[in-house]
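Spelled out, the chains give:
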There are 2 protein chains.
Amino acid sequence: MTQTPAKKPSRIQQRNRRAILDAALDVFSRHGYRGTTLDQIAEAAGLSKPNLLYYFEGKEDIHVTLLSQLMDTWLDPLVEMNPDGDPVSEIMAYVHRKLAMAKDLPRESRLFAGEILQGAPRIGPELQGHLKPLFDEKCALITTWVEQGRLPPLDPRHLIFSIWATTQHYADFERQVSLLMGEDEDTYASAAPHLDTMFRKMLGG
Amino acid sequence: MTQTPAKKPSRIQQRNRRAILDAALDVFSRHGYRGTTLDQIAEAAGLSKPNLLYYFEGKEDIHVTLLSQLMDTWLDPLVEMNPDGDPVSEIMAYVHRKLAMAKDLPRESRLFAGEILQGAPRIGPELQGHLKPLFDEKCALITTWVEQGRLPPLDPRHLIFSIWATTQHYADFERQVSLLMGEDEDTYASAAPHLDTMFRKMLGG
DNA sequence: TCGTGGATTTACCAAATGGTAAAATTTACC
DNA sequence: GGTAAATTTTACCATTTGGTAAATCCACGA
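In this text, all values refer to a predicted model and were calculated from it rather than measured experimentally. (Residues numbered from 1 in each chain as written. Chains lettered and ligands numbered in written order. Predicted model: local features only at pLDDT ≥ 70, side-chain atom pairs only at ≥ 80, totals over all residues. Heavy atoms only, no water.)

Residues and elements named next belong to chain A. Relative to the helices and strands, alanine 171 resides in helix 8 (residues 156–172). For alanine 171, a relative accessible area of 0% gives the class buried. Sequence-wise, alanine 171 and aspartate 104 are 67 residues apart; in three dimensions their C-alpha atoms are separated by 9.1 Å. Those residues in contact with alanine 171, other than ones at most four positions away along the chain, are Ala102, Pro106, Ser109, Arg110 and Tyr188. (Helix = DSSP H or I, 4+ residues; strand = E, 2+ residues; numbered from the N terminus. Buried < 20%, exposed > 50% of the residue type's maximum accessible area, 1.4 Å probe, protein only. Contact = heavy atoms within 4.5 Å.)

Next up, the structure:
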């Protein structure tokens, strides 16, 4: 057995690993993987660079750890879509959960966007392993809803893509959005009813 | 006057500048600004690195030149939206032009996406100067259409955001999309009717 | 064909960057 | 309080990378 013993981490370990990951999320999401330096992360975390590397094996290790940990949070809104609920309500609730996520976790959204944009070089397998099965499952669910006549005919895959695209847009392209909307306006407050109307009409029949 | 004389470029100048910009578009769109090296661009363009720098002042110069040249192409579909046409037809035509653009120019789409994602550090002014006025103009147009009762009440800004998001999604997140749809399937062929239905219902009243 | 200016290569360089070795310091536990 | 382990710092290093200087090559018009 070549398994790490994995003793429980000390208080210091916990605190510093958290600080590093939070700092790294901040920097990675703003500058991308290659645009981020270990020095930047170290400074943001309040540690020295060699001290970073005491907690993580290297830059890539930090990045992959972040992405992996985020994956669950990220997929959670979709997981919660309930097969026993009302189709329209379930999908609309999903839309609003996803929009709330873009609002509350914009750094996470941008981190993922950057990774996918560049071809998912470091989380491709994770996508295959976690996202794909969940996606297929929910597509099948929506398809049965359509077959039961509880939703109008539609392609569940593109529906989901549209939900992802429209909600994450506000986080991923925040710069552009705020530039066009005006800095002070509450973008999400007006986006919610718009998306609600749009998808409700789409599902209404 | 401190203006460059700007004699007409020689045949070699034209050929090489084109080759460099095309190579740079390829590499920048795949690896982002910081993830791209001059050596990569040089190799892709079939030139030596110092030779690159004979044609451009530096890495940033290449990047900015690319983005600036692309801006016009990028905004063109929106420019074409005709105030004198039928509102629904005009907007739907815009949706399809934008989708075609994502299909035909995915590298350009990803180049822009990467730049915006990181806060538009190099084309912020260009966005302000070109995109913003056009956006405001078209928003005003759509608003008059709504006021004339030719469109249902809606927020033109979020409508445009939704169009951008859903169409560019297929280029920017191509990796994820192809992973979830299956590599061989013609994604755009099935995306077109989906988006057509969705936005038509949105505009239908 | 010859000379000139444009184009290209060769040989570099300084700074940035990911990472390491080992000494020094702190912490936890007896 | 002492000691062993965990943590942090100091001092480095090799590679990568954007960029430059100067020599060389070459196309083209007179």
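Alright, that's what it looks like, and here's the rest.
When the parts come together, some accessible area is lost, and that loss is often what is quoted as the size of the interface. The interface of chain A with chain B comprises 53 residues on the first partner and 54 residues on the second. Note on chain A versus chain B: buried area summed over both sides is about 4,800 Å², and carbon and sulfur give 67% of it. When the buried area of chain A at its contact with chain B is split by residue, Leu117, His158 and Leu180 of chain A rank highest and sum to 15% of it. There are two salt bridges connecting chain A and chain B. A salt bridge links glutamate 185 of chain A to arginine 157 of chain B; the shortest N-O distance between them is 3.1 Å. Along the contact surface separating chain A from chain B lie 20 residue pairs in polar contact (both at pLDDT 80 or more). For the side of chain A that touches chain B, the secondary structure elements donating two or more residues are helix 1 (11–31), helix 6 (106–117), helix 7 (124–147), helix 8, helix 9 (174–181) and helix 10 (187–204) of chain A. Ranked by residues supplied to the side of chain A that touches chain B, first place goes to helix 8 of chain A with twelve residues. (Buried area = accessible area lost by both parts, 1.4 Å probe. Salt bridge = Lys/Arg side-chain N within 4 Å of Asp/Glu carboxyl O. Polar contact = N/O pair within 3.5 Å; in protein donor to acceptor, adjacent residues only side chain to side chain.)

In this structure, the largest pocket spans a volume of roughly 350 Å³. Around the largest pocket, the lining residues are Gln14, Arg17, Arg18, Leu21, Asp22, Leu25, Leu66, Gln69, Leu70, Thr73, Leu105 and Glu108 of chain A. For the lining of the largest pocket, the secondary structure elements donating two or more residues are helix 1 and helix 4 (59–79) of chain A. Residue classes in the lining of the largest pocket are distributed as five nonpolar, three polar and four charged. Empty space within the second largest pocket amounts to approximately 250 Å³. In this structure, the second largest pocket is lined by Arg17, Arg18, Leu21, Asp22, Leu25, Thr65, Leu66, Gln69, Leu70 and Glu108 of chain B. Among the secondary structure elements, those contributing two or more residues to the lining of the second largest pocket are helix 1 (11–35) and helix 4 (59–79) of chain B. When residues in the lining of the second largest pocket are grouped by element, the largest group, five residues, is from helix 1 of chain B. Considered class by class, the residues forming the lining of the second largest pocket number four nonpolar, two polar and four charged. (1 Å grid on protein atoms, 1.4 Å probe; cavity = no way out; pocket = protein on both sides within 12 Å on 5 of 7 lines; lining within 4 Å. Points joined across faces, edges and corners; volume = space filled by probe spheres on them. Nonpolar A, V, L, I, M, F, W, Y, C, P; charged D, E, K, R; others polar.)

Here chain A sits on chain B after a turn of 180° about the axis and a move of 0.0 Å along it, with an RMSD of 0.0 Å. Taken together, the rotation and translation relating the two chain copies correspond to the operation of a two-fold axis. Most of the interface of chain A is mirrored in chain B: 100% of its interface residues are interface residues there too. (Least-squares fit on C-alpha atoms with pLDDT ≥ 70 in both.)

Here we take up the side chain of serine 190 of chain A. Residue and element names in this part refer to chain A. As for its placement among the helices and strands, serine 190 is situated in helix 10. A residue is classified by how much of its surface remains accessible, and serine 190, at 18% relative accessible area, is buried. In terms of polar contacts, serine 190 uses its side chain to reach the backbone carbonyl oxygen of threonine 187, at 3.1 Å.

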